[in-house]
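Fold and contact review
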2 protein chains.
Amino acid sequence: MTTSAVVAEAPVSAPAATVLHTVTIDLGERSYPIVIGAGLLDDPATWAGLPRASCAAIVTNTVVAPLYLARLRAALQPHYARVLEVVLPDGEAHKDWPTLNRIFDALLAAGADRKTVLFALGGGVIGDMTGFAAACYMRGVPFVQVPTTLLAQVDSSVGGKTAINHPLGKNMIGAFYQPARVVCDLATLVTLPPREFAAGLAEVIKYGPIADAAFQDWVEANIERLVARDAAALAYAVRRSCEIKAAVVGQDERESGLRAILNFGHTFGHAIEAGLGYGVWLHGEAVGCGMVMAAELSRRLGLVSAAWVARLERLVAAAGLPVRAPTLGADNTARYLELMRIDKKAEGGEIRFVLVNEAGQAMVRPVPDALVAEVIEARGSAT
Amino acid sequence: MTTSAVVAEAPVSAPAATVLHTVTIDLGERSYPIVIGAGLLDDPATWAGLPRASCAAIVTNTVVAPLYLARLRAALQPHYARVLEVVLPDGEAHKDWPTLNRIFDALLAAGADRKTVLFALGGGVIGDMTGFAAACYMRGVPFVQVPTTLLAQVDSSVGGKTAINHPLGKNMIGAFYQPARVVCDLATLVTLPPREFAAGLAEVIKYGPIADAAFQDWVEANIERLVARDAAALAYAVRRSCEIKAAVVGQDERESGLRAILNFGHTFGHAIEAGLGYGVWLHGEAVGCGMVMAAELSRRLGLVSAAWVARLERLVAAAGLPVRAPTLGADNTARYLELMRIDKKAEGGEIRFVLVNEAGQAMVRPVPDALVAEVIEARGSAT
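Residues numbered from 1 in each chain as written. Chains lettered and ligands numbered in written order. Predicted model: local features only at pLDDT ≥ 70, side-chain atom pairs only at ≥ 80, totals over all residues. Heavy atoms only, no water.

**Considerations on the interface of chain B and chain A**
Note the cut-off: Note on definitions: a residue-residue contact is assigned when non-hydrogen atoms from the two residues lie within 4.5 Å. When two components associate, each loses some accessible surface as probed by a 1.4 Å sphere; the sum of these losses over both components is called the buried area. Definition used for salt bridges: Asp or Glu carboxyl oxygen within 4 Å of a side-chain nitrogen of Lys or Arg. Pairs of N or O atoms within 3.5 Å make up the polar contacts considered here, provided that, within protein, one atom can donate a hydrogen while the other can accept it, and that residues adjacent in sequence are counted only when both atoms are side-chain atoms. Counting from the N terminus, the helices are DSSP H or I runs at least four residues long and the strands are E runs at least two residues long.
Contacts between chain B and chain A engage 27 residues on the former and 27 residues on the latter. Roughly 2,400 Å² of surface becomes buried between chain B and chain A when both sides are summed, with 60% attributable to carbon and sulfur atoms. Our count for the chain B to chain A interface comes out at zero salt bridges. Here chain B and chain A share eight residue pairs in polar contact (both at pLDDT 80 or more) between them. Within the residue set of the side of chain B that touches chain A, elements represented by two or more residues are helix H2 (97–109), helix H3 (124–136), strand E7 (161–166) and strand E8 (169–176) of chain B.

**Quick notes on the domain arrangement of chain A**
All names here are of chain A. Note the threshold: For every domain, the bounds stem from an assignment made automatically or drawn from a database.
Domain annotation for chain A reports domain 1 (18–191) and domain 2 (194–378). Computed over C-alpha atoms, the centres of domain 1 and domain 2 are 27 Å apart. Taken together, the contact between domain 1 and domain 2 spans 26 residues of the former and 25 residues of the latter. Of all residues in domain 1, Leu 150, Val 154 and Phe 176 give up the largest surface area on contact with domain 2, accounting jointly for 27% of the area buried on that side.

**Quick word on helix H9 (residues 266–276) of chain A**
This is how the line gets drawn: For every residue, the accessible area obtained with a 1.4 Å probe (protein chains only) is divided by the maximum for its type, and the residue is called buried under 20%, exposed over 50%, and partly exposed between those limits.
Residues of H9(A) that are buried include every one of His266(A), Thr267(A), Phe268(A), Gly269(A), Ala271(A), Ile272(A) and Glu273(A), and no others. In the stretch just after H9(A), Gly277(A) is the one whose phi turns positive, near 100°.

**Notes on the sheet that holds strand E3 (residues 55–61) of chain A**
Strand pairing in a sheet is mediated by backbone hydrogen bonds. Such pairs are either parallel or antiparallel. Residue and element names in this part refer to chain A. As a reminder of what qualifies: Pairing between two strands is assigned when DSSP locates at least 2 bridges connecting them. Under this scheme, a helix contributes an axis fitted over its contacting stretch, all axes are lines through C-alpha atoms, and angles between N-to-C directions fall in the 0 to 180 degree range.
Pairing is mixed in the open sheet, where seven strands are placed in the order E1-E2-E9-E6-E5-E3-E4. At either end of the open sheet lies a strand with only one pairing partner, and these are strand E1 (18–25) and strand E4 (82–88). Sheet twist, expressed as the average angle between the axes of neighbouring strands with direction ignored, equals 15°. The pairing of E1 with strand E2 (residues 32–38) spans seven bridges and is classified as antiparallel. Looking across to E2, one finds that His 21 is bridged to Ile 36. Along the sheet, helix H1 (residues 65–76) contacts E3, E4, strand E5 (117–122) and strand E6 (143–147); its crossing angle with E3, the most-contacted strand, is approximately 170°. Helix H8 (residues 231–250) contacts E1, E2 and strand E9 (181–185) of the sheet and is inclined by roughly 5° relative to E1.

**Concerning the sheet that holds strand E4 (residues 82–88) of chain B**
Residues and elements named next belong to chain B. Spatially, the seven strands line up as an open sheet ordered E1-E2-E9-E6-E5-E3-E4, and their pairing is mixed. Both outer strands of the open sheet, strand E1 (18–25) and E4, are each paired with one neighbouring strand and no more. Neighbour-to-neighbour, the strand axes of the sheet open up by a mean angle of 15°, direction not taken into account. Where helix H1 (residues 65–76) meets the sheet, its contacts fall on strand E3 (55–61), E4, strand E5 (117–122) and strand E6 (143–147), and the angle it forms with E3 comes to roughly 170°. Relative to E1, helix H7 (residues 231–250) is tilted by about 5°, and along the sheet it contacts E1, strand E2 (32–38) and strand E9 (181–185).

**Details of the environment of Val83(B)**
Residue and element names in this part refer to chain B. Locating Val 83 in the fold gives a position in strand E4. A relative accessible area of 8% places Val 83 in the buried class. Note: C-alpha distance between Val 83 and Ala 57 (26 residues apart in sequence) is 5.5 Å. In contact with Val 83, other than residues within four places in its own chain, are Ala 56, Ile 58, Arg 73, Leu 76 and Gln 77.

**What to know about the relation of the copies chain B and chain A**
Selection rule: The copies are overlaid by a least-squares fit using only the C-alpha atoms of residues whose pLDDT is at least 70 in both copies.
By a simple turn and slide, chain B fits onto chain A: the slide is 0.0 Å along the axis, the RMSD is 0.0 Å, and the turn is 180°. Taken together, the turn and the small shift mark the pair as related by a two-fold rotation axis. Rotation axis and chain B: the residue whose C-alpha lies nearest the axis is Trp97(B), separated from it by 4.3 Å. The fraction of interface residues of chain B whose copies in chain A are also interface residues reaches 100%, indicating that both copies meet through the same surface.

**Side note on unusual backbone geometry**
One non-glycine residue, Arg229(A), lies in the positive phi region at around 60°. Relative to the elements of secondary structure, Arg229(A) occurs in the loop between helix H7 (223–227) and H8. Notably, Arg139(B) is not glycine yet its phi reads approximately 70°, a positive angle. The exposure class assigned to Arg139(B) is buried, which follows from its relative accessible area of 10%.

Structure follows, in structure tokens:
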């Protein structure tokens with residue numbers, strides 16, 4: 001896995017967009033660039049050099065469509081004889097087969113052939129569904145990710161995971177399928193609601209503790225600029241997040257082991273999401289709080305100092321994220337443990353957690369329930 | 001693409017099965033063997049060395065289950081702590097999402113993990129659906145093909161095509177996904193209805209004209225043994241068919257060009273199937289007749305002699321397949337041309353056909369409608 005930080009060529013035509021970084025995801029024949037900049041959506045150079053086809057299809061949702069669909073359509077029209085639009089309902093509740101099938105219905109009704117290029121315009125749900133549709137339509141067509149949320153830019157851009165949910169489990173039906181290109185237009189982040197923006201910052205914050213202490217220092221020093229959505233600061237945060245995720249995923253493309261460190265904060269986080277009911281806290285909010293809990297667990301195992309935990313807690317709070325765990329009913333601690341045991345499909349043994357040290361290194365280890373219980377009790381009472 | 005004809009090791013334990021050939025499909029990391037023999041289903045050696053897992057799932061249909069499900073289950077039980085069974089309704093009409101979803105429902109309800117091995121026990125529909133389920137379940141689990149029809153043994157064994165149908169088109173949603181192993185037990189062909197067996201022979205006959213004149217000679221010399229379902233003759237026919245298909249597909253895994261020669265007889269055949277209504281003639285019956293028509297077309301283009309066409313016609317008839325084209329209504333010829341134009345998505349120009357010469361070579365060429373019309377008229381009146 002190699003990453004290159006500087007784009008080779010400046011955009012050749014107006015309107016002037018600022019390409020700030022390009023991260024190359026090196027996967028042999030399936031390598032692709034993540035282009036990061038401000039105003040990329042309207043820049044013709046952004047869309048040059050993609051697989052040639054007579055037909056493109058933009059898949060988006062009812063929230064994003066009024067904001068950016070017309071602009072993306074206008075940008076693509078010089079490249080494709082036909083540009084189809086598929087506008088899906090918004091939200092995780094629609095990440096299912098009937099909604100996915102609306103993409104197939106639209107493509108087949110329009111006679112879209114097996115060279116058709118799909119464009120995912122939206123957040124993680126749109127990216128996951130469009131990517132899976134591209135993996136399956138006529139056994140595979142190219143697709144381009146245009147993530148319009150910070151979470152999608154720093155998370156779904158790398159890793160090739162696509163999926164839909166099944167009533168019995170999230171992301172149970174899907175494929176590993178790589179995009180032809182990812183276009184992260186930082187200008188689209190301006191329209192993100194504050195809670196969603198903060199939720200994206202949780203994943204940015206995550207990359208420091210698990211892999212790069214210097215990046216954690218940088219995020220701390222620049223958290224106000226990030227919260228103010230400064231394009232240059234965001235560009236570096238997105239770039240470095242993608243680089244770190246790429247380095248981790250590159251050693252474990254099919255998710256057999258190392259990749260698990262990307263779930264720092266997620267075991268506690270998933271328990272919070274499931275315990276409160278999905279959607280009460282955003283995923284990133286639960287992860288933000290979960291990271292503080294996982295840091296506290298790391299401290300109790302002697303991996304980090306109390307000062308370091310306090311530092312991480314301040315950073316998470318500065319991002320606008322919760323740092324105290326919500327109460328999940330009368331048997332609070334038992335409920336947390338139960339939910340985490342289900343999430344990890346632990347077979348009677350100890351639950352495994354992603355732990356960190358102060359050098360920016362992560363490890364996955366089983367932890368005794370008693371110690372986990374102490375953390376839940378010490379970091380609780382958000383509600 | 002290399003093929004090896006002889007299995008390295010004899011089965012080590014009773015009951016004694018006869019492994020007659022092993023064809024290795026060479027796809028780098030995704031290479032797999034096609035094991036061909038009589039009595040393989042009950043032989044423990046057949047099922048050794050597959051990916052280790054605690055759970056296996058046999059997917060089959062209501063016709064095949066009473067014949068072979070218990071035997072496969074018994075053979076797998078020594079290797080897997082749990083062997084799930086998913087029995088689907090029979091037929092192409094059920095090659096759809098709701099039926100596919102029954103596989104996911106069963107796997108998730110049983111808590112089957114991402115190492116679960118799926119076994120496709122049945123014909124082409126079961127193979128296509130199980131392969132696609134394996135491609136998608138938790139983003140990919142291993143699967144093993146156990147084709148119980150001649151058509152599936154000589155066609156679906158090679159190529160990695162999996163799919164389901166969509167109301168607007170056959171095989172529109174799927175994946176290229178390779179099995180871990182294919183087990184062709186010739187003993188299972190004994191229970192095939194005569195029409196289905198003959199339909200499988202159509203694809204066997206196909207491989208000679210498109211790629212190997214010597215194999216065509218062999219099939220002619222052995223057609224009575226094949227029709228009598230002689231195991232040794234069938235073993236060679238399945239082996240050589242798989243080898244030829246592997247050689248073609250190996251040069252064109254993602255179906256960009258050469259692979260089209262595998263559709264010899266299929267352009268006329270698809271028109272017959274669609275024109276009569278799917279299921280009136282079996283696919284193989286339509287292909288049998290379609291090959292004679294494509295041979296006649298080749299003759300009118302100077303590629304083969306009338307004697308060669310007569311030879312192929314005798315062979316197709318000896319296999320128990322129709323050789324005269326059915327009438328598709330009052331505007332018979334126009335209807336054929338219309339159906340073939342839809343099938344090929346021809347954009348106003350001439351329809352492309354797979355043509356052959358007497359040296360066992362195929363080519364894909366556009367042919368003027370007038371010449372195609374002559375063939376339809378000359379080879380018509382089956383009904």
